[in-house]
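The chain contents come next:
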Amino acid sequence: MTNTGRPACSICGKPLDPRYRPFCSKRCADLDLHRWLSGSYSIPGDTEEDERSSPDDSEAR
Ligand SMILES: [Zn+2]
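As a starting point, this report considers the structure included with it. (Residues numbered from 1 in each chain as written. Predicted model: local features only at pLDDT ≥ 70, side-chain atom pairs only at ≥ 80, totals over all residues. Heavy atoms only, no water.)

With respect to the coordination of the zinc ion
So, point 1. Ligation of the zinc ion by protein atoms is provided by C9 (SG), C12 (SG), C24 (SG) and C28 (SG), these donors lying 2.3 Å from the ion.
So, point 2. Positions of the donor residues of the zinc ion along the chain correspond to the pattern C-x2-C-x11-C-x3-C.
So, point 3. Here C9 falls in the buried class, since its relative accessible area comes to 5%.
So, point 4. For C12, a relative accessible area of 40% corresponds to the partly exposed category. (Donors = N, O, S within 2.8 Å, 3.2 Å for Na, K, Ca; no water. Buried < 20%, exposed > 50% of the residue type's maximum accessible area, 1.4 Å probe, protein only.)

Digging into a nonpolar patch on the surface
So, point 1. On the surface, a cluster of nonpolar side chains totalling about 340 Å² of accessible area is made up of L33, W36 and L37.
So, point 2. Judged by its relative accessible area of 47%, L33 is partly exposed. (Patch = residues over 30% accessible without salt bridge, like charges linked within 9 Å, V, L, I, M, F, W, Y side chains within 5 Å. Areas by Shrake-Rupley, 256 points an atom, 1.4 Å probe, with all protein chains shown as cover. Salt bridge = Lys/Arg side-chain N within 4 Å of Asp/Glu carboxyl O.)

This is the structure we're talking about:
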């Protein structure tokens, strides 16, 4: 990899757009925000699936 030392988007590594610093585009800014939000809430998927498959269901049979 050739790193010129220039600031790059931390999401996709493209050159930054001053408008969307520190990202290259709104999309990447949104992506980062999403990651940040979902990280502070809870890990999506695992916990919800755990509640869905309740042991009662299998015991009833
Ligand atoms: Zn980007």
